[in-house]
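Structural overview
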Amino acid sequence: MNFYKQDEDLQAILREQLDSPMFTWADKQLQEFGRMCGEEIDQRAVHTDREGQPRLIKYNKMGEDISEVWVNEGYRKTVEETYREGIVGYVHKTIPELNRKGNYLYSFAQGYLLSQVEPGFYCPVTLTMATAYLIDHYANEEIKESYLPHVTATGDVELHEGATFLTERQGGSDVGANEVKAIEENGAYRIYGEKYFASNAGMCGVAMVLARIEGAQPGTKGLSLFLVPWRTEDGELNRVSIRRLKDKLGVRAVPSAEVEFEGAMAFLIGEAERGFYYMMEALNLSRVCNAVASIGIMRRAYTETKSYALEREAFGHSLIHYPMVQDTLVRMRVKQEVETSAVFKMIETFDRVARTPVEVSKKDQVLSRLLIAILKKETADQSIHFAHESIEMHGGNGFIEDFVTPRLLRDAQVLTVWEGTSNILGLEVIRLLTKYNGHTLFWEQLESDLEKINILPEEKQIVQKSLDDTKAFIDKVLTLSHEKQTYYSKTIAKKLADLYEGVHALARASENERKRKVAEVFVAITFSNETRIDDPATLKYVEDVLGISLPESAKS
């Protein structure tokens, strides 16, 4: 199986958004990477999840604390192959064949393919991407020269994976309550304290750590960002130890740990007490990765569901014969296709903001953050829904670990938690609306896009009405107290995500007849109540939407 070759929509997205030389190169690379994901990486992912999970080797034979994390050889091979493909490196350095840097779009295309088989490993990739971003944008030249080549390695130098350590036991999402300290000693810094949920611990070469310099103000405004090497130049642990690895529900490939710092050598990144601001920028990058992982799981869930429905027979017919199965598959396909395209459209804006933050307008920065927040929430929710639908289609088999479906559900569940829960994202949306007038910018973008659409007038009118109704709803909510605004925050995020995807679906409807049908069905299932009970929207274009030929007996 080749996840890239069979995904014509991803190929079309990349062909549209990349210039010709970049697309030609990326297309060739992704052909091979898609094959690797569908074959050997997929096989290794099964082994890692079932028998080869990371293990902590706490002590050596002499009783000394070595805090090493064991991972299986297949996992190490996936690490080697994936980073060599430039999933992190080519965002920051020159692609030899093109003599120019790559971009986030190419990286996220790789992440989308990888997440269909191993979202657990895409977590360390995400952390390494965030680490590279922070070093590249905010470290001084000496630190950048020492560490960035290793964090962005593509087989040319030794790889140092990255990590971002924020969470502490007493704080959780309340990062301002963090207590880890940074003490200055002879012009350098030493870190003391504990990080309670530190992913990629033991595998990372460097960690980006939030800590409070002695005497700094309380809350998030007093936090600084530090680069902490996991080991010293002579290979010894840098006064860090792992208390234990977390026994997680899913994404078992990534070692998540409780880490103690006992005077670890650290380097200040950027300005003191600006650490929370820097880390929030990296968090936005991680949220995009989270959305990419979600649509990857959605795609795999749909692929498995469709394959099973075509092969499995019940009561004398294949499952695809039955209208309720057709309805499920069409809903999954349409939602996944539109949502994937919308996420990659959002990535266009993000790529510009992330690579040249000084040059972009405040409007683009606010709009990018708003889109990231609403799509991260929506895609994470949908990944769980898709995994559930796939299990249900498989029946009892869907609950058996011989199939991929249980792992999809377990891995999807964490995506609603990592990089901000729905509640945290709702608060972010309210903040962007009240402090930065983000909804006004959002309306301007959508209305401009709607104005250019000259197809599907009835569906366009439906989306326009939903937009008008949502504007009125948000205007009313914003007159309430802050506490009541937060009550409606997740509802607002959902409405904004639906509108963004609806307008995007209509904008693509003129590309071809199939896209027109996809847009028609998407608008019907997202914004309209079913009015024609004799002609359900999801059953009108089953063959075109799913790309199959139904037997005559199965046509509605």
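The model shown is predicted, which means the values in this text are computed figures rather than measured ones.

1. Some words on the overall build of the protein
In terms of helices and strands, the protein carries 18 helices and 13 strands. For a compact globule of 556 residues, the expected C-alpha radius of gyration is about 24 Å, and the protein comes in at 24 Å, within 12% of that figure. Among the 556 residues that make up the protein, the fraction classed as buried is 58%. Long-range pairs, those at least 24 residues apart, make up 73% of the contacts in the protein between residues at least 6 apart in sequence. As displayed, the protein offers around 23,300 Å² of accessible surface, 48% of which is attributable to carbon and sulfur atoms. The centroid of the 67 positive side-chain charges in the protein is displaced by 2 Å from the centroid of its 85 negative side-chain charges.

2. Focus on a negative patch on the surface
A contiguous patch of negative charge on the surface is contributed by Glu64, Glu233, Asp234 and Glu236. By the secondary structure assignment, Glu64 is in the loop between β1 (55-59) and β2 (65-70). Look at Glu64 and you get partly exposed, because its relative accessible area is 47%.

3. Here's the deal with helix α8 (residues 275-311)
With 37 residues, α8 should cover 54 Å at 1.5 Å per step; its first-to-last C-alpha distance of 53 Å lies within 8% of that length. The buried fraction of α8 is high, at 30 of 37 residues.

4. A few points about the nonpolar core
Judged by nonpolar contacts, the single largest core of 177 residues is most densely connected at Phe108, Tyr122, Phe165, Ile191, Ile374 and Phe442. Among the elements that take part in this core, α8 stands out by supplying 15 residues, more than any other.

5. Topic: the pairing of strand β9 (residues 223-229)
Successive side chains on a regular strand alternate, one facing one side of the sheet and the next facing the other. Of all the seven residues making up β9, seven are buried; the element is thus mostly covered by neighbouring parts of the structure. In this structure, strand β8 (residues 206-213) lies alongside β9, joined through seven bridges in antiparallel fashion. Looking at β9, one finds that Ala207 is bridged to Val228. Summarising the sheet, β9 and strand β11 (residues 256-269) pair through three bridges and their orientation is antiparallel. Paired with Leu225 across the strands is Ile269, a residue of β11.

6. Here we look at unusual backbone geometry
Outside of glycine, negative phi angles account for most residues, and trans bonds account for most peptide bonds. In this model, Val251 sits at a positive phi of 35°, which is unusual for a non-glycine residue. Looking at the secondary structure, you find Val251 in the loop between β10 (240-245) and β11. A positive phi is found at Glu273, a non-glycine position, where the angle reads about 65°. Mapped onto the elements of the fold, Glu273 is located in the loop between β11 and α8.

7. Re the state of the cysteines
Following the criterion strictly, the structure yields zero disulfides and no others. Cys289 provides the cysteine sulfur closest to Cys37, a residue in no disulfide bond, and the two sulfurs are 15 Å apart. The class for Cys37 is buried, based on a relative accessible area of 0%. Cysteine Cys123 remains unbridged, with the sulfur of Cys289 as its closest cysteine sulfur at 9.6 Å. The buried category is assigned to Cys123, whose relative accessible area is 10%.

8. Things to note about the environment of Gly193
Structurally, Gly193 is set in strand β7 (residues 188-199). In sequence terms Gly193 and Ala264 are 71 residues apart; their C-alpha atoms lie 9.7 Å from each other. Those residues in contact with Gly193 that sit more than four places away from it in its chain are Val180, Val259, Glu260 and Phe261.

9. Considerations on helix α3 (residues 73-84)
The terminal C-alpha atoms of α3, which comprises twelve residues, lie 17 Å apart, in line with the 16 Å expected from a rise of 1.5 Å per residue. Of the positions making up α3, those classed as buried are Gly74, Tyr75, Thr78, Val79, Glu81, Thr82 and Tyr83. Contacts from the buried residues of α3 go to α2 (20-50), α5 (104-115) and α6 (119-138). Backbone nitrogen of Gly74 and a side-chain oxygen of the N-cap are separated by 3.0 Å at the start of α3; the cap is Asn72. Positive phi appears at Gly86, one or two residues downstream of α3, with a value of about 85°.

10. What to know about the side chain of His394
Note that His394 resides in helix α10 (residues 362-394). Taking the relative accessible area as the measure of exposure, His394 reaches 5% and is therefore buried. For His394, the contacting residues outside a window of four places in its chain are Glu304, Thr305, Tyr308, Phe403 and Thr405.

11. Quick notes on the pattern of salt bridges
Taken as a whole and judged by the stated rule, the model has 47 salt bridges. Asp42 is paired through a salt bridge with Arg407; the nearest N and O atoms lie 3.9 Å apart. Placement of the pair is Asp42 in helix α2 and Arg407 in helix α11 (residues 405-415), with a sequence separation of 365 residues. With relative accessibility at 14%, the residue Asp42 sits in the buried group. Note that Arg169 and Glu194 form a salt bridge whose closest N and O atoms lie 3.2 Å from each other. Residue Arg169 is located in the loop between β5 (164-165) and β6 (181-185), and its partner Glu194 is located in strand β7; the two are separated by 25 residues in the primary sequence. Taken together, the shared-partner salt bridges connect Asp9, Arg333, Glu337, Arg508, Glu511, Arg514 and Lys515 into one network.

Conventions we followed
Residues numbered from 1 in each chain as written. Predicted model: local features only at pLDDT ≥ 70, side-chain atom pairs only at ≥ 80, totals over all residues. Heavy atoms only, no water. Helix = DSSP H or I, 4+ residues; strand = E, 2+ residues; numbered from the N terminus. Rg over C-alpha atoms; globule rule 2.2 N^0.38 Å. Buried < 20%, exposed > 50% of the residue type's maximum accessible area, 1.4 Å probe, protein only. Contact = heavy atoms within 4.5 Å. Areas by Shrake-Rupley, 256 points an atom, 1.4 Å probe, with all protein chains shown as cover. Lys, Arg positive; Asp, Glu negative; His and termini not counted. Charge placed at Lys NZ, Arg CZ, Asp CG, Glu CD. Patch = residues over 30% accessible without salt bridge, like charges linked within 9 Å, V, L, I, M, F, W, Y side chains within 5 Å. Salt bridge = Lys/Arg side-chain N within 4 Å of Asp/Glu carboxyl O. Expected span 1.5 Å × (residues − 1). Core = buried A, V, L, I, M, F, W, Y, C linked by side-chain atoms within 4.5 Å. Pairing = 2+ DSSP bridges. Disulfide = S-S within 2.5 Å. Polar contact = N/O pair within 3.5 Å; in protein donor to acceptor, adjacent residues only side chain to side chain.

Function cannot be read off these values alone, since they describe shape.
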